[in-house]
Amino acid sequence: MTKHFNTYSEPNRIAEAVEALAELTEPQRPFTRLVFSPEFSRARQWLQERFEAAGLECQIDAGGSLIGTRKAPAASESPGKIIIGSHVDTVPAGGRFDGIAGVVAGLEAIHFLNAQRIDLPFDLEIVDFLGEELNVWGTSCLGSRHMAGLLTDDILDRVDQDGRRLGDEIERIGGTGKPASGPRPDAQSILACLELHIEQSDRLETDQIDIGIVTDIPGISRYSITVTGSAGHSGTTRMEGRRDALVTASDIIMTAREIARSIAAQDNRHFVATIGRIEVYPNGAATVPGEVKMILDLRASNEHSRDMFMEQLHAASLETSRRESCDVGIERISEASVAHMDDALRQRLARSADHLGLSHINLSSGAGHDMAHMSRIAPSAMIFIPCKGGLSHCPEELTTPDAIARGSAVLIRTLLDMAG
Ligand SMILES: [Zn+2]
């Protein structure tokens, strides 16, 4: 028999928690709670109080993530653990739900288990992963990277424009500020890592689907593209024979979009390419542009599509460079492989949704998430819930307490399923 999601979680309690966190923002710029800011510390304090009130043992791990643990009964032998987590930091002028929904859903699981006096045969950790959003040090997902053993000295040594060293900031909020020597020592005992998140796109809302079960988190690859021409006087350099780096760069931008569109149309999984950053030198109104530097951001669920895109872009750029008499250099800055969510966990999530009478579909994530890193060390999976108009990273970001309650009910059903 299907049970209504309200049996498992309470939309009113969810709304109240979301509201409380929304108030912890930079007052002039809602909703802003940057990692390491005073608002962030207040949110951490609020969360820790909630964790402790619900009976969780709290700790800040070496990477600065806040972990609240509900222990398995002492009788259980080597019980293993399940992690439910997301993040409470935001981007500047972000929303009330990105990350927050997932942490609140984890708390709902604890409230349900406490109310029903259910002992699980494994430890349950609710985690606020440190600094999931991209920060001024240029690295996202600090907490999950650290757990996965991927936070290195060169990242921790970065200093922002106010002279704050990243490692020192992590130490200040309770982590060690040191690189991880490897994955979390108890990684082997993690049975599952689960995250609920708003979709940040509009597929679920448009198709009126309750739950998205994430198949994969695309690898993000970035390349720098440098176009070199010849600067010159805009009044005296004749049109014929100009080596205009910006004209050449414009051609490459348009070509990149054409190639990306055609690949996206053939690839039934996630594929997007963006040139979002461009610098023009010398950037003078009376000077023919001599050099352009751009950054290409590629996100693909299918590495073959990524490689095909780059191959076609290289070929097209070579042709443009000959036609426009400019040099074009393309260099890889970073390349991450696709993170696949665990098949068995995905099936469990689907069964839980079925049990609750909730509609669900499989989809790729457009954005990066902590589960991309956690999936390298433990079986991981994510569910998405609808958000209005697919808007995210802006104050208009919106989902409903009912949508979060449906999602947390799926997580809770999955916990019960795994507990047998
Ligand atoms: Zn997020």
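Values in this document were obtained by computation on a predicted structure and should not be read as measured data.

Peer 1: How should helix H8 (residues 245-266) be read in this particular structure?
Peer 2: The periodicity of an α-helix, 3.6 residues per turn, causes residues three or four places apart in sequence to face the same way. With 22 residues, H8 extends 32 Å from end C-alpha to end C-alpha; this agrees with the ideal 32 Å at 1.5 Å per step. Every buried residue belonging to H8 is among Ala-245, Thr-248, Ala-249, Ile-252, Thr-255, Ala-256, Ile-259, Ala-260 and Ile-263, and all of these are buried. Mapping the buried residues of H8 onto a view down its axis gives an arc of 140°, with all of them on the same face. As for H8, its buried residues are in contact with strand E8 (219-228), strand E10 (271-281), strand E12 (291-300), helix H9 (303-324) and strand E13 (327-335). Two or three places before Leu-246, at the start of H8, stands the capping residue Asp-244, its side-chain oxygen 2.9 Å from that residue's backbone nitrogen.

Peer 1: Can you walk me through the packing of aromatic side chains in this structure?
Peer 2: The relation between two aromatic rings is expressed through the spacing of the ring centres and the mutual angle of the planes. A complete count under the given rule lists three aromatic pairs for this structure. Aromatic pair Phe-271 and Phe-309: ring centres 5.7 Å apart, planes at 50°, arrangement tilted. Here Phe-271 is found in strand E10, whereas its partner Phe-309 is found in helix H9, with 38 residues between them in sequence. Taking the relative accessible area as the measure of exposure, Phe-271 reaches 6% and is therefore buried. Its relative accessible area of 0% is what places Phe-309 among the buried residues.

Peer 1: Even after reading the chapter, I still don't get the side chain of Ser-365, so can you show me in this structure?
Peer 2: Looking at the secondary structure, you find Ser-365 in the loop between strand E15 (360-363) and helix H11 (370-374). Within the structure, the side chain of Ser-365 is placed 2.6 Å from the backbone oxygen of Ala-367, a separation counted as a polar contact. Residue contacts for Ser-365: discarding those within four places in its chain leaves Val-214, Asp-216, Ile-217, Pro-218, His-270 and Phe-384.

Peer 1: When you look at the coordination of the zinc ion in this model, what are you seeing that I'm missing?
Peer 2: Four donors placed tetrahedrally about a metal ideally form angles of 109.5 degrees, and six donors placed octahedrally ideally form angles of 90 or 180 degrees. Protein ligation of the zinc ion involves His-87 (NE2), Asp-98 (OD) and His-197 (NE2), the donor distances falling in the range 1.9 to 2.2 Å. Positions of the donor residues of the zinc ion along the chain correspond to the pattern H-x10-D-x98-H. Of the two residues, Asp-98 sits in the loop between strand E3 (81-86) and helix H3 (100-115) while His-197 sits in strand E5 (residues 190-198), which places them 99 residues apart along the sequence. Judged on exposure class, the residue Asp-98 and its partner His-197 are both buried.

Peer 1: Please clarify how the pairing of E8 should be interpreted in this entry.
Peer 2: Regular strands show a simple pattern: their side chains alternate between the two faces of the sheet. A one-sided burial pattern is seen for E8, the buried positions being Gly-219, Ser-221, Tyr-223, Ile-225 and Val-227 and the unburied ones Ile-220, Arg-222, Ser-224, Thr-226 and Thr-228. Examined bridge by bridge, E8 and E12 share 10 bridges and lie antiparallel to one another. Residue pairing in the sheet places Tyr-223 in a bridge with Leu-296 of E12. Across eight bridges, the pairing between E8 and E13 is antiparallel. For Thr-226, the partnering residue across the bridge sits in E13 and is Gly-329.

Peer 1: Can you help me understand the environment of Ala-93 in this one?
Peer 2: Along the chain, the position of Ala-93 falls in the loop between E3 and H3. Residues within four places of Ala-93 in sequence aside, it is in contact with Arg-29, Pro-30, Phe-31, Thr-32, His-393, Cys-394 and Pro-395.

Peer 1: Mind showing me how you'd approach the side chain of Glu-195 here?
Peer 2: By the secondary structure assignment, Glu-195 is in strand E5. Despite its burial, Glu-195 pairs with no opposite charge; the closest candidate is Arg-44, at 13 Å N-O. Within the structure, the side chain of Glu-195 is placed 2.7 Å from the side chain of Ser-86, a separation counted as a polar contact. The residues touching Glu-195, leaving out its near neighbours within four places in the chain, are Gly-85, Ser-86, His-87, His-369, Asp-370, Met-371, Ala-381, Met-382 and Ile-383.

Peer 1: I'm lost on the nonpolar core in this one. Help?
Peer 2: Soluble globular proteins tend to bury their nonpolar side chains together. Counting 70 residues, the largest nonpolar core has Phe-36, Leu-124 and Leu-415 as the members making the most contacts within it. For this core, the element with the highest residue contribution is H3, accounting for 10 residues. Beyond its immediate stretch of four places on either side in the chain, Leu-124 contacts Gly-68, Thr-69, Arg-70, Ile-82, Ile-84, Ile-110, Leu-113 and Leu-415. Core analysis: the next-biggest nonpolar cluster, separate from the first, contains 24 residues, Ile-83, Ala-187, Ile-209 and Met-382 among them.

Peer 1: What should I look at first to understand unusual backbone geometry in this one?
Peer 2: Leave glycine aside and you will find that most residues have negative phi; peptide bonds, for their part, are mostly trans. In this model, Pro-30 is joined to Phe-31 through a cis peptide bond whose omega is -10°. In the segment running from Tyr-281 into Pro-282, the intervening peptide bond is cis, with an omega of 0°. Positionally, Pro-282 belongs in the loop between E10 and strand E11 (287-288).

Calculation rules
- Residues numbered from 1 in each chain as written.
- Predicted model: local features only at pLDDT ≥ 70, side-chain atom pairs only at ≥ 80, totals over all residues.
- Heavy atoms only, no water.
- Helix = DSSP H or I, 4+ residues; strand = E, 2+ residues; numbered from the N terminus.
- Expected span 1.5 Å × (residues − 1).
- Buried < 20%, exposed > 50% of the residue type's maximum accessible area, 1.4 Å probe, protein only.
- Arc of directions from axis to C-beta.
- Contact = heavy atoms within 4.5 Å.
- Polar contact = N/O pair within 3.5 Å; in protein donor to acceptor, adjacent residues only side chain to side chain.
- Phe/Tyr/Trp six-rings, centres within 6.5 Å; stacked < 30°, edge-to-face > 60°.
- Donors = N, O, S within 2.8 Å, 3.2 Å for Na, K, Ca; no water.
- Pairing = 2+ DSSP bridges.
- Lys, Arg positive; Asp, Glu negative; His and termini not counted.
- Salt bridge = Lys/Arg side-chain N within 4 Å of Asp/Glu carboxyl O.
- Core = buried A, V, L, I, M, F, W, Y, C linked by side-chain atoms within 4.5 Å.

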